[in-house]
Amino acid sequence: MRQYLFKAILQMIPVLFLISLIVFVLVYMTGDPVSLMLSDTATDEDRAILIAALGLDQPLHVQYFRYLSNLVQGDFGTSFRYNMPALPIVLERLPATFELAIAAMLFATVISIPLGILSATKRNSFLDIFVSGTSVLGKAMPPFWLGIMLILLFSVALKALPVSGRESWVHLILPAFTLGTGIAAEMTRLIRSSMLEILGQDYIRTARSKGLIESLIVYKHAFRNSLIPVVTIMALQTSTLIGGTLITETIFSWPGMGQLIIQAVNNRDMAIVQAAVFVVAFLVIFSNMLADILYRVLDPRIKYN
Amino acid sequence: MKKRIAGLGLAVILALSSALVGCSSQSSSTPSQPSAPAGSTNPSAENNGEKVLTIASGNDIVSFDIHDHNNTSTEAVHVNMFDYLVRKDAQQKVQPLLATEWETVDDTTWRFKLREGVTFHNGDEFTAEDVKFTLERVATDNKLLEYGNYKQIKEVKIIDPHTIEIITFEPEPVLLNRLSRLGSGILPSKYIKEQGWEEFLKNPVGTGPYKLKEWKRDDRLVLEKNDAYFGEKPKWDKVVFRSIPEDATRVAELLTGGVDIAVNIPPSDLKRVKDNNGTDTKQGPTQRVMQLTLRLTPGTVTENPKVREAIDLAIDKKAIVDNILSGGGVPTRTRVTPGNFGTNLDLYGNTLYDPEKAKQLLAEAGYPNGLELNMSATSGRYLKDKETAELMQAMLAEVGINAKLEFLEWSKFNDRYKAKTFNEIFMIAYGNSMFDGSLAFDRLTTERAKGESDYSNPELDKLLSDAGQNMNAEEREKQYKRAQEIIAEERPHIYLFQMNANYGVSDRISFEPRLDEMLFADEITLK
C-alpha cells in the first residue's frame, strides 16, 4: 500500500508538468493580454512600454522557462488583473466551490440511490421506464438552461428562493440542484445497472431459494455489493463537477473557482488560468487516486501492483 | 467483512461531506451581515431602519489600485471612496472637490488651492503631500495602466501644505479633464508609505463619502457611510455593489427586488423590466460611438471619395438604432458627442441616408454595376455588433455594394487591428474618457493613420497639433469644430451612432444615468 501510494504520487509529477506546458501554450495562442488591458485609444508606444514592463517581449521559450522555474518554487506568477500572486487568489475560491460541489453531490446521492434501486428491482415496470426516461432528460439538460429556468420558476414566479449570491444556505439550493441534476442522472443509471447485474448473480438466487425475504436480499445482499463501483464513480465525478461549476457558478454568481476561471479566460489573465488549471488537475488526479484506493479497500480481490 | 467496510466507507464519506458543508456555509456568512431569513429575496429593503442601496453590475471591480486599471465599471465604484481634486457634475461641468480653486500660472503650470480640514477614512489629514504622491506615481511608473494618461505631468510642486503646482511638459489644455477621471482619486501617502501597498489594497482608504466595509471578490463589495465626510452627509448607510455576470440572472435579481439598479440590461429584456410591477428602465447616452474605419490606401475602392460617400449614404443609421438596439442610441456624424469639449452639434443627432444618391455616386465613381469590398467586424464585443454589421451589409447591397462580411472574436480582431491588416472597412466602437475633442482624432493624423486608414490631410494635421496645445479655449473649440467638419466630409471614418447605456431601476429610487457611467451613490435617492 505504501509503495503504491509512493508510486502514484511520483506519477503525478510528469502529468502536472505536461499540463503546465499545454496550458502555457494554449493561453499564449489565444491572444495578447496587453491589448485587452489597455483602452482602445492607447497608443502603440503605451502598448510597447507595457509589453516590455511585463516581460512579454521575450521569446516564448524564455517565458516558459521563467514560468516553470517560478512554478517549481511554488510561484504561479502574478495576476495581471488583480496584481496579486495567482495561487492564493485561486485557493481563496476553493471553499465556495467545495461547498457547492459537495451539496450537489449530496443531492445527487440522495436522489439516485433510491431511484436506482427501485428501477432495478422493478425492472421494465412503468416506474423503471419513467426513471430511465427522466435520467436521460436530466443528463441532456444543459446546466445553463436549467439554471435560468429554475431562477425564472422558483425566484421570479414563485418568489420562493433567492436568485443569486452566496449568503445563507437557501442560496445554495438552486445552484446545487442545477449542478447535481446531471450527476444524479448518471448515478441513477449506474446504480440501476450495477444492481441489475448483481441481482442476476448466483448467490442472490441462492438467497432467494433459501426463502429470505426480498427486502433483505435487495438491501443487505445486493445493494451493498453494488455500491463498490458507485463509490468509486462518485470520486471520479470530480472532473464533471468542476466542469459544471464553471457554468453553474457564473449563472448564480457564486464566487467560486469556476467563476474565477471564466473571468480569467475572458481577461487573458494567464497567471490565474494557469494556477487554476493546475489546481483543478491536481484535484482530479488526487480524487482518481482516492477512487483507486477506495476501490482496493472495498474489494480486497484487487492487488496493489 | 467487506460489506461492512463498504458500508462504513460510504458512511464516512457522507458524514465528512455533511460536516464540510456545515463548516463552509458557516464560514461564508460573516458576522457583520445578518443572513437573510429563509426565502427572503429582498436584501435591499431597509432592514433595521438601515438605508441600503444595492447595485448589480456585470463584473466586479478589478482592484483598489486606482492607477492600474482601465475599467469604467471599476471607477464607477471607486468614485464613492476616493475624491478627485476636481469633479464633474451630472452636466459634466468641472466643480471643486479636494481643490477649492485653481488658476494657470503660465502655459505649463497650474496652481491648485487644496481644501483644508479633510481627513482620510483612517484619520490621516489630507495635504499637498498626498497629491504629490498620487499624481507623481501614475506619471512616472510606466507599468501602471493609466500611465499613458498622466505622463504629461512633469512634477507636482508643494508650495505649502494646502497649495500645489502641477507642472506639465507641454501646455495641457485638458489637464482638468485628466484630473477628474479614472486614475485621479487622491491616495493617502502617509498610510501607503508606512503600511505598504499590499496593506492598502486590502484595506484601502480615501477621503470619499463612503468607506470600505467588506469586499468578497466576484461576489459583493459593501461600502458604509463616512460620517466624517467634509461635504454633504452621505445619503445611504450602506451601498452594496454586486457582481452578477449573467444577464438573465441580473435581470431576475432586479425583478425580484434583490437589487435596486441593474446595469447593462439587454435590449431584449427592456420591455420585461418596464412592464414588471415595481421596476422601470432608464437609458442614457454614453461616450461610446460605433464607427466604420475606411481604407484610403491607393488601389482600394474606398480610396475614391465618392465611394466613401456612397457607403455613408447607403446606411440608414436610424433604422439600425431603432430596430437592433430598440432605440438605444443616437445617430451621429461626429465622435465628439455633446458633453465633450469641442462638440459640433450640427453633426450630432442626424444622419445622411439617401440610397438613390448613393447609387448615382457609385455610377459617377465608375461603378455603375456596383462593386465588391471587404468588411470586418467583431462578434460579441459590443452590444448587438453582429446584427448591426449584418443589417449594414444588407443596406449596402441595396445600392449595389457587395460587402463580404468577416466576423472575428475580439482578441483575433485586436491582433488584426494592431497589425493594421484589415481590408477596406472595419467596424469598431471607441469611448472617450477624456471628454475632450482631442481624443476623437487620435487615429486621423497622417502619422497615426499610416497603415490603418492611410488618411492624410495637412490642414487637419495642422489644426490638431495647434489645438492640442492651445490654451485659448474659445479658439481651440473652433479648431475642433472645423476638424469634425473635415472628417464628416472626407469620411476616413464614418460614424454610425452613439451608444446608450441601459439600466433597470427599482421604483423605490430615483436615478439618472450619467454620461460618464459613474455611479455616485449620493446622486441616487430614495423616492
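Quick notes on the rules
- Numbering of residues begins from 1 in every chain and follows the order in which that chain's sequence is written.
- Here the convention is simple: chains get letters from A, ligands get numbers from 1, in the order in which they are written.
- Residues qualify for local features only when their pLDDT is at least 70, as the model is predicted, and side-chain atom pairs are given and counted only at 80 or more; totals for whole chains, interfaces and linings, by contrast, use all residues.
- Just so you know, side-chain values use all the structure's heavy atoms and leave hydrogens and water out.
- Helical segments are the DSSP runs of H or I of at least four residues, strand segments are the runs of E of at least two, and each set is numbered from the N terminus.
- Per-residue accessibility, obtained with a 1.4 Å probe over protein chains only, is compared with the maximum for each type, and a residue is labelled buried under 20%, exposed over 50%, and partly exposed between these values.
- When checking whether two residues touch, look at their non-hydrogen atoms; a contact exists if any pair is within 4.5 Å.
- Computed by Shrake-Rupley with a 1.4 Å probe, the accessible areas treat only the displayed protein chains as cover when residues are assessed.
- We treat Lys and Arg as the positive residues and Asp and Glu as the negative residues; His and chain ends play no part in the count.
- For charged residues, the charge sits on one atom: NZ in Lys, CZ in Arg, CG in Asp, CD in Glu.
- In summary, the pairing rule links any two rings of Phe, Tyr or Trp, Trp by its six-membered ring, whose centres are within 6.5 Å, and it sorts them by plane angle into stacked for under 30 degrees, edge-to-face for over 60 and tilted for everything else.
- We call a charge positioned over a ring when the NZ of a Lys or the CZ of an Arg lies within 6 Å of the ring centre and within 35 degrees of the ring normal.
- All axes here are fitted lines through C-alpha atoms, helices being fitted over the stretch that makes contact, and every angle between N-to-C directions spans 0 to 180 degrees.
- When an angle is under 35 degrees it counts as roughly parallel; over 145 it counts as roughly antiparallel; between 65 and 115 it counts as roughly perpendicular; any other value is oblique.
- Crossing handedness is read from the near helix: turned anticlockwise from the far helix by less than a right angle, it gives a left-handed crossing, and turned clockwise, a right-handed one.
- Throughout this entry, Asp, Glu, Lys and Arg are counted as charged residues, while Ala, Val, Leu, Ile, Met, Phe, Trp, Tyr, Cys and Pro are counted as nonpolar. The remaining residues, Gly among them, count as polar.
- UniProt positions are given in the numbering used here, feature names are shortened, and annotations may be inferred rather than shown by experiment.
- Here, any two strands with at least 2 DSSP bridges between them count as paired.
- Here the nonpolar core consists of buried residues drawn from Ala, Val, Leu, Ile, Met, Phe, Trp, Tyr and Cys, with membership extended through side-chain atoms lying within 4.5 Å.

Participant: Hey, could you run me through the overall build of chain A in this one?
Facilitator: Each helix and strand counted, chain A has 13 helices and zero strands in total. Moving toward the C terminus, one meets the helices and strands of chain A in the order α-α-α-α-α-α-α-α-α-α-α-α-α. By its C-alpha atoms, chain A is 85 × 55 × 30 Å across when sized along the principal axes. Counting over 305 residues, chain A shows a buried share of 51%. Considering only intrachain contacts with a sequence separation of at least 6, the fraction spanning at least 24 residues in chain A is 73%. Total accessible area on chain A is roughly 14200 Å²; 70% of this is exposed by carbon and sulfur atoms. The positive charge centre, built from 22 side chains, and the negative charge centre, built from 19, are 17 Å apart in chain A.

Participant: What exactly am I supposed to notice about the packing of aromatic side chains here?
Facilitator: The geometry of an aromatic ring pair comes down to the distance between the two centres and the angle between the two planes. In the structure shown here, the tally under the stated rule is 19 aromatic pairs over all chains. Judged by centre distance (6.3 Å) and plane angle (20°), the rings of Phe 126 of chain A and Phe 130 of chain A are stacked. With a gap of four residues between them, Phe 126 of chain A and Phe 130 of chain A both fall in helix H6 (residues 126-140), about one helical turn apart. Both residues of the pair, Phe 126 of chain A and Phe 130 of chain A, belong to the exposed class. Where Phe 82 of chain B meets Phe 200 of chain B, the ring centres are 6.3 Å apart and the plane angle is 45°; that geometry is what we call tilted. Here the residue Phe 82 of chain B occupies a position in the loop between helix H2 (72-78) and strand S2 (86-88), and Phe 200 of chain B occupies one in helix H6 (residues 197-202), the gap between them amounting to 118 residues. In terms of burial, Phe 82 of chain B and Phe 200 of chain B fall into one category: buried. Taken together, the ring pairs in this structure connect Phe 82, Tyr 191, Trp 197 and Phe 200 of chain B into an aromatic cluster. Its guanidinium or amino end placed over the ring of Phe 407 of chain B, Lys 386 of chain B lies 5.3 Å from that ring's centre, counting from NZ or CZ.

Participant: So what exactly am I meant to see when it comes to the packing of helix H5 (residues 86-121) of chain A against helix H13 (residues 270-298) of chain A here?
Facilitator: Pairs of packed helices are described in terms of their axes, by the angle between the two and the distance that separates them. Residue and element names in this part refer to chain A. Close contact between H5 and H13 brings their axes to 9 Å; oriented N to C, the two are set at 50°. Taken together, the axis directions place H5 and H13 in an arrangement best described as oblique. As for how H5 packs across H13, the hand of that crossing is right-handed. Along the contact surface, H5 presents Ala 86, Leu 87, Ile 89, Val 90, Leu 91, Leu 94 and Phe 98, while H13 presents Ala 271, Ile 272, Ala 275, Ala 276, Val 279 and Leu 283. Its residues assigned to classes, the contact of H5 with H13 shows 13 nonpolar, no polar and no charged.

Participant: Is there a simple way to think about the UniProt feature "domain: ABC transmembrane type-1" (unreviewed entry) in chain A in this case?
Facilitator: In the numbering adopted here, UniProt assigns the feature "domain: ABC transmembrane type-1" (unreviewed entry) to residues 94-291 of chain A. Structurally, residues 94-291 of chain A is divided into 83% helix and 0% strand, and its ends, taken at the C-alpha atoms, are 21 Å apart.

Participant: Which parts of the structure should I look at to understand the sheet that holds strand S7 (residues 163-168) of chain B?
Facilitator: The strands making up a sheet are joined through hydrogen bonds of the backbone, oriented either antiparallel or parallel. Residue and element names in this part refer to chain B. Judged by pairing direction, the sheet is antiparallel, and its four strands sit side by side in the order S4-S5-S7-S6 without closing on themselves. With one partner strand each, in any of the chains shown, strand S4 (99-106) and strand S6 (153-160) form the two edges of the open sheet. For this sheet, the mean angle separating the axes of adjacent strands, direction not counted, is 20°.

Participant: I'm lost on the side chain of Thr 127 of chain B in this one. Help?
Facilitator: Residue and element names in this part refer to chain B. Positionally, Thr 127 belongs in the loop between strand S5 (109-114) and helix H3 (128-140). Judged by its relative accessible area of 19%, Thr 127 is buried. Contacts of Thr 127, omitting those with residues within four sequence positions, involve Leu 114 and Pro 161.

Participant: For this particular structure, what's the right way to read the environment of Ala 86 of chain A?
Facilitator: All names here are of chain A. Its location among the elements puts Ala 86 in helix H5. On the accessibility criterion, Ala 86 (1% relative accessible area) is buried. Sequence-wise, Ala 86 and Phe 76 are 10 residues apart; in three dimensions their C-alpha atoms are separated by 5.9 Å. Setting aside its immediate chain neighbours within four residues, Ala 86 contacts Phe 76, Gly 77, Thr 78, Ser 79, Ala 271, Ile 272 and Ala 275.

Participant: Mind showing me how you'd approach the UniProt feature "transmembrane region" (unreviewed entry) in chain A here?
Facilitator: Residue and element names in this part refer to chain A. Feature annotation in UniProt assigns "transmembrane region" (unreviewed entry) to the following positions: residues 12-31, 100-121, 142-162, 168-185, 227-252 and 272-295. Between the C-alpha atoms that bound residues 227-252 the distance is 33 Å, and the span itself is 92% helix and 0% strand. In residues 272-295, the share of helix is 100% and the share of strand is 0%. The end C-alpha atoms are 34 Å apart.

Participant: Explain the UniProt feature "domain: Solute-binding protein family" (unreviewed entry) in chain B to me, please; I cannot follow it from the model alone.
Facilitator: Per the UniProt record, "domain: Solute-binding protein family" (unreviewed entry) is annotated on residues 93-448 of chain B. As annotated, residues 93-448 of chain B comprises 28% helix and 26% strand, and the C-alpha atoms at either end are separated by 31 Å.

Participant: What exactly am I supposed to notice about unusual backbone geometry here?
Facilitator: A negative phi angle characterises most non-glycine residues, just as the trans form characterises most peptide bonds. All names here are of chain B. In this structure, Lys 420 takes a positive phi of about 55° despite not being glycine. Relative to the helices and strands, Lys 420 is located in the loop between helix H13 (410-419) and strand S16 (425-430). In the Ramachandran plot, Arg 491 falls in the positive-phi region, its phi being about 55° despite a non-glycine side chain. Among the secondary structure elements, Arg 491 is positioned in the loop between helix H16 (473-490) and strand S17 (493-506).

Participant: I keep staring at the nonpolar core and nothing clicks. Help me out?
Facilitator: In a soluble, globular protein the nonpolar side chains are often hidden away together inside. Residue and element names in this part refer to chain B. Leu 85, Phe 112, Leu 114, Val 131, Ile 164 and Ile 166 are the most contacted members of the largest nonpolar core, which totals 61 residues. Residue contributions to this core peak at six residues, all from H3. Not counting the four nearest positions on each side in its chain, Phe 112 is found in contact with Ala 99, Glu 101, Trp 102, His 162, Thr 163, Ile 164, Ile 166, Leu 175, Leu 176 and Leu 179.

Participant: Got a minute to help me understand the pairing of S16 of chain B in this structure?
Facilitator: All names here are of chain B. The buried fraction of S16 amounts to six of the six residues, a majority that puts the element mostly inside the structure. Sheet analysis places strand S12 (residues 279-294) next to S16, joined by six bridges and oriented antiparallel. Paired with Val 289 across the two strands is Tyr 430, which belongs to S16. Where strand S14 (residues 371-378) meets S16, two bridges bridge the pair, whose relative direction is parallel. Directly across from Met 375, in S16, lies its bridge partner Ile 425.

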